[in-house]
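Chains, contacts and geometry: an overview
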Amino acid sequence: MEFLTTSEAADYLRLGERKLYELVTTGAIPCTKVTGKWLFPRHELDLWVLSGLARPAGMLIAEPPPVVGGSQDELLDWSLRESVSGLGSMSQGSARGLERLQRDEVMAVAMHFHSVDADGNLAAEANATVLRDAPDLHDALLVAFARREQGLVLPPGNPKRLRGLSDVLALGARMAMRQQGTGAQMLLDVLLKRAGASTRDLRRIEMPALTGPDLAEIVRAGQADCGIATRASARSAGLDFVPLVWENFDLAMRQRSYFRPAMQGLIRFLGEKRLVQRAEELTGYDPSPAGQIRFAA
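Structural notes, computed from the coordinates. (Residues numbered from 1 in each chain as written. Predicted model: local features only at pLDDT ≥ 70, side-chain atom pairs only at ≥ 80, totals over all residues. Heavy atoms only, no water.)

Digging into the overall build of the chain
- Across its full length, the chain carries 13 helices and 13 strands.
- Taking 2.2 N^0.38 as the reference for a compact globule, 297 residues should give roughly 19 Å; the C-alpha atoms of the chain span a radius of gyration of 21 Å, in line with that estimate.
- In the chain, buried positions account for 52% of the 297 residues.
- Intrachain contacts of the chain at a sequence separation of at least 6 include 71% that bridge at least 24 residues.
- Looking at the chain as shown, the accessible area adds up to about 14,200 Å², and 50% of this sits on carbon and sulfur atoms. (Helix = DSSP H or I, 4+ residues; strand = E, 2+ residues; numbered from the N terminus. Rg over C-alpha atoms; globule rule 2.2 N^0.38 Å. Buried < 20%, exposed > 50% of the residue type's maximum accessible area, 1.4 Å probe, protein only. Contact = heavy atoms within 4.5 Å. Areas by Shrake-Rupley, 256 points an atom, 1.4 Å probe, with all protein chains shown as cover.)

Regarding the nonpolar core
- By size, the foremost hydrophobic cluster in this structure holds 32 residues, and its most contacted members are Phe-145 and Tyr-258.
- The set of elements that each furnish at least two residues to this core consists of helix 4 (74–82), strand 6 (108–111), strand 7 (140–154), strand 11 (240–254), helix 12 (261–269) and helix 13 (273–282).
- The biggest single contributor to this core is helix 12, with five residues.
- Non-local contacts of Tyr-258, meaning those with residues more than four positions away in its chain, are made with Glu-44, Leu-47, Leu-141, Val-143, Met-253, Met-263, Gln-264, Ile-267 and Ile-293. (Core = buried A, V, L, I, M, F, W, Y, C linked by side-chain atoms within 4.5 Å.)

Focus: the packing of aromatic side chains
- Using the criterion set out here, one finds three aromatic pairs in the structure.
- Considering the side-chain rings of Phe-145 and Phe-249, the 6.0 Å spacing of their centres and the 80° angle between planes classify their relative orientation as edge-to-face. Highlighted residues: Phe-145 in strand 7 and Phe-249 in strand 11, separated in sequence by 104 residues. Both residues of the pair, Phe-145 and Phe-249, count as buried.
- The interplanar angle of 85° and the centroid separation of 5.0 Å between the aromatic rings of Tyr-258 and Phe-259 together place this pair among those described as edge-to-face. Taken as a pair, Tyr-258 and Phe-259 share a single burial class, namely buried.
- Its guanidinium or amino end placed over the ring of Phe-249, Arg-148 lies 4.0 Å from that ring's centre, counting from NZ or CZ. (Phe/Tyr/Trp six-rings, centres within 6.5 Å; stacked < 30°, edge-to-face > 60°. Lys NZ or Arg CZ within 6 Å of the ring centre and 35° of its normal.)

Quick look at the side chain of Ser-79
- Topologically, Ser-79 is positioned in helix 4.
- Within the structure, the side chain of Ser-79 is placed 2.8 Å from the backbone oxygen of Leu-75, a separation counted as a polar contact.
- Ignoring any residue separated from it by four or fewer positions in sequence, one finds Ser-79 in contact with Phe-145, Leu-266, Phe-269 and Leu-275. (Polar contact = N/O pair within 3.5 Å; in protein donor to acceptor, adjacent residues only side chain to side chain.)

Overview of the sheet that holds strand 1 (residues 3–4)
- In space, the three strands of this open sheet follow the order 1-3-2, with antiparallel pairing throughout. Of all strands in the sheet, those bounded by a partner on one side alone are strand 1 and strand 2 (32–34).
- Here strand 2 pairs with strand 3 (residues 37–41) via three bridges, running antiparallel. Within strand 3, the position partnered with Thr-32 by the bridge is Leu-39. (Pairing = 2+ DSSP bridges.)

Remarks on helix 8 (residues 183–194)
- In this model, helix 8 (12 residues) spans 17 Å end to end at C-alpha, consistent with the 16 Å of a helix rising 1.5 Å per residue.
- A large share of helix 8 lies buried, amounting to nine of its 12 residues.
- All of the buried residues along helix 8 are Gly-183, Ala-184, Gln-185, Met-186, Leu-187, Leu-188, Val-190, Leu-191 and Leu-192.
- Of the surrounding secondary structure, the elements contacted by the buried residues of helix 8 are helix 5 (94–102), strand 7, helix 7 (165–171), strand 8 (174–178), strand 10 (227–230) and strand 11. (Expected span 1.5 Å × (residues − 1).)

Describing unusual backbone geometry
- With a phi close to 60°, Arg-14 is a non-glycine residue in the positive phi region.
- One can find Arg-14 in the loop between helix 1 (6–13) and helix 2 (17–25).
- Here the phi dihedral of Asp-136 falls at roughly 65°; this positive angle occurs in a residue that is not glycine.
- Looking at the element boundaries, Asp-136 is found in the loop between helix 6 (126–133) and strand 7.

A closer look at the environment of Leu-87
- Mapped onto the fold, Leu-87 is located in the loop between helix 4 and strand 5 (88–91).
- With a relative accessible area of 7%, Leu-87 lands in the buried category.
- With residues near it in sequence (within four places) discarded, Leu-87 still touches Pro-66, Val-67, Val-68, Leu-80, Met-107, Ala-262, Met-263 and Leu-266.

Points about the packing of helix 4 against helix 13
- It is the contact of helix 4 with helix 13, at a shortest axis distance of 10 Å, that shows an interaxial angle of 145°. For the element pair helix 4 and helix 13, the recorded crossing hand is right-handed. Residues Glu-74, Leu-75, Trp-78, Ser-79 and Glu-82 of helix 4 touch helix 13, and the partners they reach there are Arg-274, Leu-275, Arg-278, Ala-279 and Leu-282.
- The residue makeup of the contact of helix 4 with helix 13, split by class, is five nonpolar, one polar and four charged. (Axes fitted to C-alpha atoms, helices over the stretch in contact; angles between N-to-C directions. Left-handed = near helix turned anticlockwise from the far one by under 90°. Nonpolar A, V, L, I, M, F, W, Y, C, P; charged D, E, K, R; others polar.)

Structure (structure tokens):
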């Protein structure tokens, strides 16, 4: 990320330094203080300018509702409540959430896409790639929420001694599924592909679970031997957990939504110690990237 000094930022925005300092003291402009000097992230200055863009009446764009769609997550749900941002949630999976973002039916989407790179490894920047290639999202922005741990959710004591997906395949363990378009199902598809298998090789529980906690309840009820969900979902249900991957769990939105009061309320909250403390309580989270801009169209 490129940072500008006070004089550089004033020149960049075509403002006097006195006016710039007024904006700083009132908290009206994105900036940070390092060793006594104010620095201004250039990209966020661009977003700040665009957020106040005036358009002729015929170009007015309807504001999306203050809702975060996409993937369900316990730490995110807690953050939406505790931040008092006014943002609601609509959990339908990463793919459907992205479709709603494209139609301006949500303000942001929580996403964790999975794919393989040219070498057959898990792609590290799958979220950014999907967002970059999405039609009708030329003004997209990707903000990190956390990294989180995904793996096999298992009954207490792991009675079948499952240590990974290869054991699930070899032993014919009953596996709970998620609906198509969810990040967990994409992860399962990718891992199966790397193992030279597909969902047809699994002993599947056909009725898909809507969320990770729903899947955990299926396992807890004894209807399945395992399924893929987060460590936090397993812990909340009192289940065992075998880790498989750490993934990026991000928030995608249009650039004009970034500076809306509701979204800024959540973004500010991501920098609070309470988020780190809650992440430790839930387990399976690394909140250190929270609030970082990971991609901008």
